Amino acid sequence: MYVFWSVLNLIITIVLQQQMVSELLDAIGKETDDAWSAINQDNLESSTNTYMIQSYAITTILTLLWIYPSIFLAVEIKKGIMTKETYPREEMSCCCVSKRG
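Only a predicted model underlies this, so the values are computations on that prediction, with no experimental measurement involved.

Q: Help me out: how do you make sense of the overall build of the protein chain in this one?
A: Looking only at helices and strands, the protein chain features three helices and zero strands. When the helices and strands of the protein chain are listed from N to C terminus, the series reads α-α-α. A burial count over the protein chain gives 14% of its 101 residues as buried. Taking as baseline every contact in the protein chain between residues at least 6 positions apart, the subset at least 24 positions apart corresponds to 51%.

Q: Can you help me understand helix α1 (residues 2-31) in this one?
A: The periodicity of an α-helix, 3.6 residues per turn, causes residues three or four positions apart to be oriented the same way. The terminal C-alpha atoms of α1 lie 43 Å apart, and with 30 residues this matches the ideal 44 Å at 1.5 Å per residue to within 8%. Of the positions making up α1, those classed as buried are Ser6, Leu10, Val21 and Leu25.

Q: Looking at this structure, I do not really get the packing of aromatic side chains. What am I missing?
A: Each aromatic ring pair is summarised here by two numbers: the centre-to-centre distance and the angle between the ring planes. Under the counting rule described, the total for this entry stands at two aromatic pairs. With a centroid separation of 5.1 Å and 70 degrees between ring planes, the pair formed by Phe4 and Trp5 is classed as edge-to-face. Pairing Tyr68 with Phe72 gives two aromatic rings, centres 4.7 Å apart and planes at 55 degrees, and the pair type is tilted. With Tyr68 and Phe72 both in helix α2 (residues 38-79) and four residues apart, this pair spans about one turn of that helix.

Q: Sorry if this is basic, but what is going on with a negative patch on the surface here?
A: On the surface, a cluster of negative charge is contributed by Glu23, Asp26, Asp42 and Glu45. Those elements that place two or more of their residues in the negative patch are α1 and α2. Mapping Asp26 onto the fold places it in helix α1. Given the relative accessible area of 48%, Asp26 is considered partly exposed.

Q: Got a minute to help me understand the environment of Val3 in this structure?
A: Along the polypeptide, Val3 turns up in helix α1. When the C-alpha positions of Val3 and Ser70 are compared, they lie 7.4 Å apart, and in sequence the two are 67 residues distant.

Cut-offs and rules
- Residues numbered from 1 in each chain as written.
- Predicted model: local features only at pLDDT ≥ 70, side-chain atom pairs only at ≥ 80, totals over all residues.
- Heavy atoms only, no water.
- Helix = DSSP H or I, 4+ residues; strand = E, 2+ residues; numbered from the N terminus.
- Buried < 20%, exposed > 50% of the residue type's maximum accessible area, 1.4 Å probe, protein only.
- Contact = heavy atoms within 4.5 Å.
- Expected span 1.5 Å × (residues − 1).
- Phe/Tyr/Trp six-rings, centres within 6.5 Å; stacked < 30°, edge-to-face > 60°.
- Patch = residues over 30% accessible without salt bridge, like charges linked within 9 Å, V, L, I, M, F, W, Y side chains within 5 Å.
- Areas by Shrake-Rupley, 256 points an atom, 1.4 Å probe, with all protein chains shown as cover.
- Salt bridge = Lys/Arg side-chain N within 4 Å of Asp/Glu carboxyl O.
- Lys, Arg positive; Asp, Glu negative; His and termini not counted.
- Charge placed at Lys NZ, Arg CZ, Asp CG, Glu CD.

Worth remembering: the numbers are spatial, not functional.
In structure tokens:
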């Protein structure tokens, strides 16, 4: 269920941010005078879209890196690999845990 909410959060965030950027660009276009040329408006829109696409890509990658361990932990628990009885053995396979006496 955690994975579902993480993915849903990602989708909602992207949709809402895109709507906000579109509204801001529309407001800038309506409020500017003739000195603000169509070329400047297009340049602003292009650079903003480029930035937002990069932001979405980074956010997606970080979300996937966040949910990856959750998925495999759930798979190991379901297969019976990770249980209360096998946890000490599995813990010792981690590189960041020192060997116990």
